[in-house]
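Coordinate inspection notes
In case you want the letters, here they are:
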Amino acid sequence: MTEATPIETFEVTCPHCKRPFEAQLMDGAAARHRGFKCPRCRLFIPYERASGHTAEAKAS
Ligand SMILES: [Zn+2]
C-alpha cells in the first residue's frame, strides 16, 4: 500500500485573534510542535489548544 496519505484539514479557532480558519496539522518531530499556524496573526497554535479536541477532519 503506497497510496499517498490524504491531506486532512481542520477547522481551528485561533486562541489569539479568535478567528476561525482551516489549516493542515503540522506534524513536527516533537509532540509540542504539533499544531497549526494562524494565517492572520501568524502565531503557532498547539494542537491541544485548537478548539479542544473537537476539531473535525474534513474529507476533501
Ligand atoms: Zn490568530
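This is a predicted model, so every value here is computed, not measured.

Here we come to the coordination of the zinc ion. Ideal geometry at a metal gives 109.5 degrees between four tetrahedral donors and either 90 or 180 degrees between six octahedral ones. For the zinc ion, every protein donor is listed as Cys14 (SG), Cys17 (SG), Cys38 (SG) and Cys41 (SG), and the spread of their distances is 2.2 to 2.4 Å. If you look at the zinc ion, its 4 donor atoms make angles of 103 to 125 degrees with each other, and the shape they trace is tetrahedral. Cys14 gets classed as buried once you look at its relative accessible area, which sits at 0%. Cys41 gets classed as partly exposed once you look at its relative accessible area, which sits at 29%.

Right, let's talk about unusual backbone geometry for a bit. At Lys18, a residue that is not glycine, the phi angle is positive and equals roughly 65 degrees. Mapped onto the fold, Lys18 is located in the loop between strand 1 (9–13) and strand 2 (20–24). The residue Arg42 is not glycine, and still its phi comes out positive at about 60 degrees. By the element assignment, Arg42 lies in the loop between strand 3 (35–37) and strand 4 (44–46).

Side chains Phe21 and Ala23 of strand 2 all project onto a buried face; the interleaved residues Pro20, Glu22 and Gln24 project onto a face where none is buried. Of the pairings in the sheet, the one linking strand 1 to strand 2 comprises 5 bridges and is antiparallel in character. What sits directly across from Thr13, in strand 2, is Pro20. The turn joining strand 1 and strand 2, which pair antiparallel and follow one another in sequence, is formed by 6 residues; a positive phi near 65 degrees is taken by Lys18.

Time to look at the environment of Cys41. Looking at the element boundaries, Cys41 is found in the loop between strand 3 and strand 4. The spatial distance from the C-alpha of Cys41 to the C-alpha of Cys14 is 8.8 Å, given a sequence separation of 27 residues. Those residues within four positions of Cys41 in sequence are excluded, and the remaining contacts are Cys14, His16 and Cys17.

Thresholds applied
Every chain begins its residue count from 1, and numbering advances along the sequence as written. Owing to the predicted nature of the model, reporting of local features is limited to residues with pLDDT of at least 70; listing and counting of side-chain atom pairs is limited to 80 or more, with chain, interface and lining totals taken over all residues. Side-chain measures here rest on the full set of heavy atoms in the structure, leaving out hydrogens and waters. A donor here means an N, O or S atom no more than 2.8 Å from the metal, or no more than 3.2 Å when the metal is Na, K or Ca. Since water is not included, a site may seem to lack partners. Under the classification used here, a metal with four donors is tetrahedral if each angle lies between 85 and 135 degrees, square planar if opposite donors are over 155 degrees apart and the others between 65 and 115, a six-donor metal meeting that same test is octahedral, and anything else is irregular. Exposure categories follow from relative accessible area, calculated using a 1.4 Å probe and restricted to protein chains: below 20% of the type maximum is buried, above 50% is exposed, and the middle band is partly exposed. Numbering of helices and strands starts at the N terminus; helices are DSSP runs of H or I of at least 4 residues and strands are runs of E of at least 2. A pair of strands counts as paired when DSSP detects no fewer than two bridges linking them. We call two residues in contact when some of their heavy atoms are within 4.5 Å.

None of this, on its own, says anything about what the molecule does.
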